[in-house]
Number of protein chains: 2
Amino acid sequence: MFSYQPPVKHMQYVLSDVLSATDTLRVDAGYNEIDEQLVRQVLEEAGRFTAEVLFPVNASGDRQGCRFESGAVFTPDGFRDAYRQFVDSGWAALACDPGYGGQGLPHVLNCALQEMMISANHAWTMYPGVLHGAYTCLKAHGSEELKQYYLPKIVSGEWLVTMALTEPQAGSDVGLLRTRAVEGDTGTYRLSGNKIFISGGEHDLTENIVHLVLARIPGGPEGSKGVSLFVVPKICPDGSRNQVTCTGIEHKMGIRGSATCSLEFAGATGWLVGEPHRGLAAMFVMMNAARMLVGAQGLGIAETVYQNAARYANERLQMKAVDRPAERKDQPADPIALHPPVRRLLLSQRAYVEGGRMMLYWSGLMLDLAERHPIPQRRQDFEQMLALVTPVVKAFLTEKGFQGASDALQVYGGYGVITETGVEQYLRDCRVTMIYEGTNEIQAIDLVVRKILGDQGVRLGRFLELVRATVQAERTGPFAGHSECLSKLATELAAIARAVCESGTANLTPLHWVAGDVLRLMGHCIIGWLLLRSASASCNNREDDYAFHDERLETVDHYFAYEFTETHAALAVLRASFAQHGLSLTW
Amino acid sequence: MFSYQPPVKHMQYVLSDVLSATDTLRVDAGYNEIDEQLVRQVLEEAGRFTAEVLFPVNASGDRQGCRFESGAVFTPDGFRDAYRQFVDSGWAALACDPGYGGQGLPHVLNCALQEMMISANHAWTMYPGVLHGAYTCLKAHGSEELKQYYLPKIVSGEWLVTMALTEPQAGSDVGLLRTRAVEGDTGTYRLSGNKIFISGGEHDLTENIVHLVLARIPGGPEGSKGVSLFVVPKICPDGSRNQVTCTGIEHKMGIRGSATCSLEFAGATGWLVGEPHRGLAAMFVMMNAARMLVGAQGLGIAETVYQNAARYANERLQMKAVDRPAERKDQPADPIALHPPVRRLLLSQRAYVEGGRMMLYWSGLMLDLAERHPIPQRRQDFEQMLALVTPVVKAFLTEKGFQGASDALQVYGGYGVITETGVEQYLRDCRVTMIYEGTNEIQAIDLVVRKILGDQGVRLGRFLELVRATVQAERTGPFAGHSECLSKLATELAAIARAVCESGTANLTPLHWVAGDVLRLMGHCIIGWLLLRSASASCNNREDDYAFHDERLETVDHYFAYEFTETHAALAVLRASFAQHGLSLTW
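Reading the values: rules and limits
- Residues numbered from 1 in each chain as written.
- Chains lettered and ligands numbered in written order.
- Predicted model: local features only at pLDDT ≥ 70, side-chain atom pairs only at ≥ 80, totals over all residues.
- Helix = DSSP H or I, 4+ residues; strand = E, 2+ residues; numbered from the N terminus.
- Rg over C-alpha atoms; globule rule 2.2 N^0.38 Å.
- Buried ≥ 20, exposed ≤ 12 C-beta atoms within 10 Å, placed from the backbone.
- Contact = placed C-beta atoms within 7 Å.
- Domains from an automatic or database assignment.
- Least-squares fit on C-alpha atoms with pLDDT ≥ 70 in both.
- Pairing = 2+ DSSP bridges.
- Nonpolar A, V, L, I, M, F, W, Y, C, P; charged D, E, K, R; others polar.
- Axes fitted to C-alpha atoms, helices over the stretch in contact; angles between N-to-C directions.
- Parallel < 35°, antiparallel > 145°, perpendicular 65-115°, else oblique.
- Left-handed = near helix turned anticlockwise from the far one by under 90°.
- pLDDT = per-residue confidence, 0-100.
- Expected span 1.5 Å × (residues − 1).
- Bend = angle between axes of the 7 residues up to and from the residue.

## Describing the overall build of chain A
Thinking step 1. Secondary structure assignment for chain A yields 19 helices and 9 strands.
Thinking step 2. Computed over the C-alpha atoms, the radius of gyration of chain A is 24 Å, within 12% of the 25 Å expected from 2.2 N^0.38 for a compact globule of 587 residues.
Thinking step 3. Classification of the 587 residues of chain A by burial places 61% in the buried group.
Thinking step 4. A separation threshold of at least 6 residues defines the contact pool for chain A, and within that pool the share at least 24 residues apart is 75%.

Put into structure tokens, the structure is as follows:
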């Protein structure tokens, strides 16, 4: 039976053994009340909620889907009840300011919660998916009045939020949007236009839905510089129904329990958030938080499919293994987990689950430090580093999540494509994560052009210093080989940054061609670095739990032999492509 | 609108310019009546049938699926009518012996037909999918009586066929099957047992269904050496209904219009095919033909999604391209096909469509030569070479088909996951091709252990001689760089073959770990070799049609810069894995 077991033990390992998160949070982010005990308690409670409340309505939600009926959307059976429990237990408020009713817990714990929610039920998690991003955006850019009115309801989860950007002709290119906002006489605006692909644009989970809408105020500049952000509630503060209607929902490959809506704004009342024409900047606050959480989605998917594939592979008996354990010599067949190609599929999945979790939580910790480190310069440093890493978290983890789902399905063989088995839903559900919140191609260009070329490689250099410190620490001893692999990659990335800066803003074409490969190299550099730290931690702590730590060491060995090797292909592409464009790459 | 345009022009190019197929068929396979005119006629007719009859019921068949009702299966609307046209036009009989009513056309043309059928409608094509394999198997192993009774009906398509191997506990490991066949007194057998995952196990397309069933005759050896093959018709020759019942159909990720049935044999009457206990050998005749056609499925999927993604990318306007054509300077946005990351997704798809077609048709041609070359030794050589290449065709082309579907979906962005767009169905449909007819992992082990180690690398060596001849011919001139890449890979593959033989049958474990990488290297060697030949052909024939041939040359340049580079990662894995297992790899 397909199931979900919250990986609390590995989460604690990453937080404590690999990242020393509680110490960092206490010392550098002023979370005085945080300790191992509290972390475990939050993880265990979140695990219970996701496994016992969200997961049981995951497969049924996919089968049933959403129902659209004359403007109303009905979510699958059980979604409402699960949402009520989510609100009642205070999960919505986890990382929000206690001033607005939040629990004020660190972002890194919210990352773990989001991962578990997706592991249990991707479609359901879409509804509160932009809740935290909308909170951040309104908190940073909304007027005091808007904040007082909306934030407590959003923080508690009493009202849900949408992010309404996309129009049929304006997807990745927000600047092409046409929705108009005409100023009225009471300081409000009238919004008219059509939005599509709005997750949770209409549903039966909350009484009110708060739409954050991008629109143009007539007379403003063309393109993305003339875009403003508005709050458009489904129910206006005076209790009247606003002029925003759901005109339909999409039939989709996956996340079928999530209502993907078309919305018609027919003179709907909206309130401006921030400055006119500066909507994109305000929205980007939301997008960046959202991008990290999309990375969490890739990880959450990868975790669930891996644990199920691993269990199945240990139960399913087919053919004799090439290296049969002596005690199985009389059996007609062995567990398929003993066959090297299946074992390899499983270990590769595990490498990205473990390394991906380290990457995500490391980023979450940086978000906490960027907000709360006592030294302003350090806050800025963490913010810069996080900005460098965010596109990698989003794109690399979603790519590996999809790959993991496909690999897990392969482990199941013919049973994998049968709906009842459970894994094919995860493959269908996760495919969109490589597209939404900025396609993975856009993430790659963001990384290379804005984050590397943008500061002439300075923050990349600072990241590589972190890597080199670990390389140096492990250059002798049991992980010398891995350390050398990583050292070479750091050297190569530094050379790539030089070539990127040499090409410069006047010659972006060659950078756009290889951006995806640079992102993949960065992904491996981050994961390789953190897995190496994990190897060292497990080596030191082996006596606590031999079985657990030996599994971690096996993961790292497998990763460097079978997955880190992807860097060779990416590098060969970079060399060939740069050569075609007359750029050299040397180190 | 999602559509399918049969790529007749490129098919003719592959057959004529790259493979000189008509000459070869005439001179070496005794097809005296074959000429360019006949080939074009067959391709155009097949194109019309697939695009005008099969494609229009593809999306509707997915939406509707099959219906199971008290033992009966109803295919989606339009499937019956399409099947009648298939039979009436004689497509079923294309490559079968005129002695049994076939058209006696070459296998290579059947490959093109199969590719087009899948391109248009994967689910529908599952019904006649094993028709040709069953024909081959019965023709080779059936008694004269069985052949006279069944072959004409199968060749014409009047009756459809199934391949009934899988049981719940016996998937990849056929030796674990339990279905029993007890000999009766009339020379027939009574079969009892349960089979699952039987494509077309029941349907409303034909009056009779001929099941080829693997079962055990009591008293025979255990495992796969005690498995016999039987013909079990749904309707017996005396007109009575046989004791085989469909007990249900599966809900699946894709190919939903194809009925995947559970069958119960309750003392069903069966006729032995070939020798008792030699069923697997007989079935393998069928499996090998089937494997090549599964490769055709990967290609067929890749073609349809590529042509749609390319059209969409040329129509969809989003953002300004880094290199804007002068004539577009005043436009607010450019076609996304002009953005390098999208262009790269498209060109990579095209590389595998073009190279994959060459690989498939080259294999099809070898099948013709293996059957009909006038010199027995040469027939055997072609058969050996085909046996080497078959697992690569199956696994490499299905892997690239799935990748192509995912890449095409990415080009569509958010629209990609919407069912109405069309591409997501192809992604769902094709995933199973990496599993059925022997998982891609099993193909890889077949390649390394049976096909390379099995003859101590002799036929691999013979294949590499073909590659080296092309390398040599192109070592100077415009493709010297590509030639050098390929030359290195040939050297590396020869070294790998030596390491494989050195490891030997006593030490298979390291070979099982890296079999997938060896297969990927072989895939690139075959495709790289044929694309290089295509570059040379296009260079020579450029004057015939500049636009067409320049596109081919662009494909080859792209392939070697962005895709052939996968070989670097595969090689790095081989090195690391061999080192872990104490094997060396040097050249």
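## Observations regarding the domain arrangement of chain A
All names here are of chain A.
Thinking step 1. Partitioning chain A into domains gives domain 1 (8–65 + 77–141), domain 2 (161–277) and domain 3 (439–587).
Thinking step 2. Computed from C-alpha coordinates alone, the two centres of domain 1 and domain 2 are separated by 27 Å.
Thinking step 3. Counting residues at the interface gives 18 residues for domain 1, matched by 15 residues for domain 2.
Thinking step 4. Mapped by element, the contributors of at least two residues to the side of domain 1 that touches domain 2 are α4 (58–64), α5 (79–88), α7 (122–125) and α8 (131–141).

## Details of unusual backbone geometry
All names here are of chain B.
Thinking step 1. Non-glycine residue serine 70 carries a positive phi angle of around 35°.
Thinking step 2. Within the secondary structure, serine 70 is located in the loop between β1 (67–69) and β2 (72–74).
Thinking step 3. Residue class for serine 70 comes out exposed when judged on the 6 C-beta atoms lying within 10 Å of it.

## Brief notes about the relation of the copies chain A and chain B
Thinking step 1. Expressed as a screw operation, the relation of chain A to chain B combines 0.0 Å of axial shift with a rotation of 180°, fitting to an RMSD of 0.0 Å. Within this description, the copies of the chain are treated as partners about a two-fold rotation axis. No C-alpha of chain A approaches the rotation axis more nearly than that of alanine 569 of chain A, which lies at 2.5 Å.
Thinking step 2. In this assembly, 98% of the residues forming the interface of chain A have copies in chain B that are likewise at the interface, indicating an isologous arrangement.

## A short note on the pairing of strand β3 (residues 160–164) of chain B
Residue and element names in this part refer to chain B.
Thinking step 1. Of all 5 residues making up β3, 5 are buried, and the element is well covered by its neighbours.
Thinking step 2. Side chains Leu160, Thr162 and Ala164 project from β3 onto one buried face, and the interleaved Val161 and Met163 project onto a second face that is buried too.
Thinking step 3. Here β3 runs beside strand β6 (residues 209–215); their pairing, made up of 5 bridges, is parallel. Bridge pairing in β6 links leucine 160 to isoleucine 209.

## Some details on the interface of chain A and chain B
Quoted interface sizes are often the accessible area lost when the parts come together.
Thinking step 1. Contact with chain A, which involves 57 residues of that partner, is made by 56 residues of chain B.
Thinking step 2. Listing elements by their share of the side of chain A that touches chain B, those giving two or more residues are α11 (340–372), α12 (376–412), α14 (440–452), α17 (509–540), α18 (546–563) and α19 (566–580) of chain A.
Thinking step 3. Sort the elements by how many residues they give to the side of chain A that touches chain B and α19 of chain A lands first, with 8 residues.
Thinking step 4. The residue makeup of the side of chain A that touches chain B, split by class, is 27 nonpolar, 20 polar and 10 charged.

## Considerations on the packing of helix α15 (residues 458–473) of chain B against helix α16 (residues 480–503) of chain B
Residues and elements named next belong to chain B.
Thinking step 1. With their axes 10 Å apart at the nearest point, α15 and α16 run at an angle of 165° to one another. Relative to α16, the element α15 lies roughly antiparallel. Here the hand of the crossing between α15 and α16 comes out left-handed. Counting all contacts with α15, which are made through Leu460, Leu464, Val467, Arg468 and Val471, the residues of α16 involved are Ser483, Leu486, Ser487, Ala490, Leu493, Ala494 and Ala497.
Thinking step 2. Among the residues making up the contact of α15 with α16, the classes are represented as 9 nonpolar, 2 polar and 1 charged.

## Some words on the confidence of the model for chain A
Thinking step 1. For chain A, the average pLDDT comes to 97, and 100% of its residues sit at 70 or higher.
Thinking step 2. Listed scores for the predicted complex are pTM 0.98 and ipTM 0.98.

## Remarks on helix α17 (residues 509–540) of chain B
Residues and elements named next belong to chain B.
Thinking step 1. With 32 residues, α17 extends 47 Å between its outermost C-alpha atoms, agreeing within 8% with the 46 Å of an ideal straight helix rising 1.5 Å per residue.
Thinking step 2. Where α17 bends most, at alanine 515, the angle is about 50°.
Thinking step 3. The buried fraction of α17 amounts to 28 of the 32 residues, a majority that puts the element mostly inside the structure.

## Regarding the environment of leucine 460 of chain B
Residue and element names in this part refer to chain B.
Thinking step 1. Within the secondary structure, leucine 460 sits in helix α15.
Thinking step 2. On the basis of neighbour counts, which here come to 24 C-beta atoms within 10 Å, the residue leucine 460 falls in the buried class.
Thinking step 3. Once you skip the residues sitting within four places of it in the chain, leucine 460 turns out to touch Leu388, Ile452, Leu493 and Ala497.

## Side note on the pairing of strand β7 (residues 228–233) of chain B
The side chains of a regular strand alternate, residue by residue, between the two faces of the sheet.
All names here are of chain B.
Thinking step 1. Counting buried positions over the 6 residues of β7 gives 6, a clear majority of the element.
Thinking step 2. Across the two faces of β7 the burial is the same, with Ser228, Phe230 and Val232 and Leu229, Val231 and Pro233 all buried.
Thinking step 3. In this structure, β6 lies alongside β7, joined through 6 bridges in antiparallel fashion. Counted as the bridge partner of leucine 212 is valine 231 from β7.
Thinking step 4. Examined bridge by bridge, β7 and strand β9 (residues 260–273) share 3 bridges and lie antiparallel to one another. Within β9, the position partnered with phenylalanine 230 by the bridge is leucine 272.

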